[in-house]
Amino acid sequence: MIPLFPFFKKLELSDRKDVESLTSGYPPYSDFNFTSLWLWNSKGDTILSNLKGNLVTRFTDIRTDEAVYSFHGTSECNSTISELLEYVGKQGLKPELKLVPEVSTRELIEDKFRVVEDRDSFDYVFCTKEVSTMNGAKFERLRSKARLFEKNDLEFLNLDLADKCNQDKLLSCVESWRDARKNYVAVTENNGCLLAEDYAFGRLFCFADLFQRLTCYGLFVDSVLAGFIIGEISNDYFLCHFHKTNYRYSGTNEFLFKQTARSLREAGIYYINDQEDLGLQGLRFAKSRYRPVHFLKKFTVRSGK
């Protein structure tokens, strides 16, 4: 059980039900999804608390390696934030809360708090209907690349993550992506993020309890895995956890994302949450090409005094 504030507990696999009881009913913000919290807990220092029925978290920011306090919920948000800011200040940290979902800021007293958009942390949300067809002028270039890619010998499959053979294929695809990426982008741009992602991806296969919640779509070219998307369904959303393609084949990502959207649409899923861009310009450009229908916005909150 998650303790009541100001007491905290370390994140454990057994906390899934309690975390989801506090976050269900809201759009699936990536930072508060249990699977995401678990996989990206690279230092094992993520802690949880319950304040007025809101989920309070402290985790390490992969961009800065600093401790970050945040919360998710809509119960008594003004007093919740006041208590948290006072607590954070007493921990010797800058008195601010980061990655606070938009739903938690709507009723705040304007003069009491400073609420600043954190654009780098906005979750990108795409419409499965739009992406599955790629109709219209705004998708012209993506549609053209996807069509050219269809000339290859292709297979689009739902992969069983518990299968060791599939795990090896996924790891090999990530290795190919990493090697190819060095020829396109300076790795130093986000080396800390890459290291954290490597840890999170490796951690995925260590906990079979996660597999039943996850769906993995794999795209094969000439029987070789050229790209994949791993995520989970939450209400009307599919939340992506990992999304990788091999640069060797032009159009791989366009075709993979289109087919994934088509499969999700057929399953009755309306939206894809492809997480944030972390302020990385290359990633921002890549995600923006798919024309997000909206963002799940997050904010930094400080005292207004």
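Residues numbered from 1 in each chain as written. Predicted model: local features only at pLDDT ≥ 70, side-chain atom pairs only at ≥ 80, totals over all residues. Heavy atoms only, no water.

Caption draft 1: Up close: the state of the cysteines. Counting across every chain of the model gives zero disulfides. There is no disulfide at Cys127, and the cysteine sulfur nearest it, in Cys240, is 14 Å away. Unpaired in terms of disulfides, Cys206 finds its nearest cysteine sulfur in Cys216, a separation of 16 Å. Residue Cys206 is classed as exposed on the basis of its relative accessible area, which comes to 58%. (Disulfide = S-S within 2.5 Å. Buried < 20%, exposed > 50% of the residue type's maximum accessible area, 1.4 Å probe, protein only.)

Caption draft 2: Representation of helix 1 (residues 16-23) in the model. Within helix 1, the full set of buried residues consists of Arg16, Val19, Leu22 and Thr23. Looking straight down helix 1, one finds its buried side chains confined to an arc of 135 degrees; they lie on one side. Downstream of helix 1 by a residue or two, Gly25 has a phi angle that is positive, lying close to 90 degrees. (Helix = DSSP H or I, 4+ residues; strand = E, 2+ residues; numbered from the N terminus. Arc of directions from axis to C-beta.)

Caption draft 3: Representation of the packing of aromatic side chains. Counted by the stated rule, this structure contains 19 aromatic pairs. Between the aromatic rings of Trp38 and Phe207, the centroid separation amounts to 5.2 Å while the plane-to-plane angle is 85 degrees, which identifies the pairing as edge-to-face. Note that Trp38 is positioned in helix 2 (residues 34-39) and Phe207 in the loop between helix 7 (191-204) and strand 9 (215-221), a separation of 169 residues in sequence. Among the residues examined, Trp38 registers a relative accessible area of 9% and is labelled buried. The class of Phe207 is partly exposed, set by a relative accessible area of 23%. (Phe/Tyr/Trp six-rings, centres within 6.5 Å; stacked < 30°, edge-to-face > 60°.)

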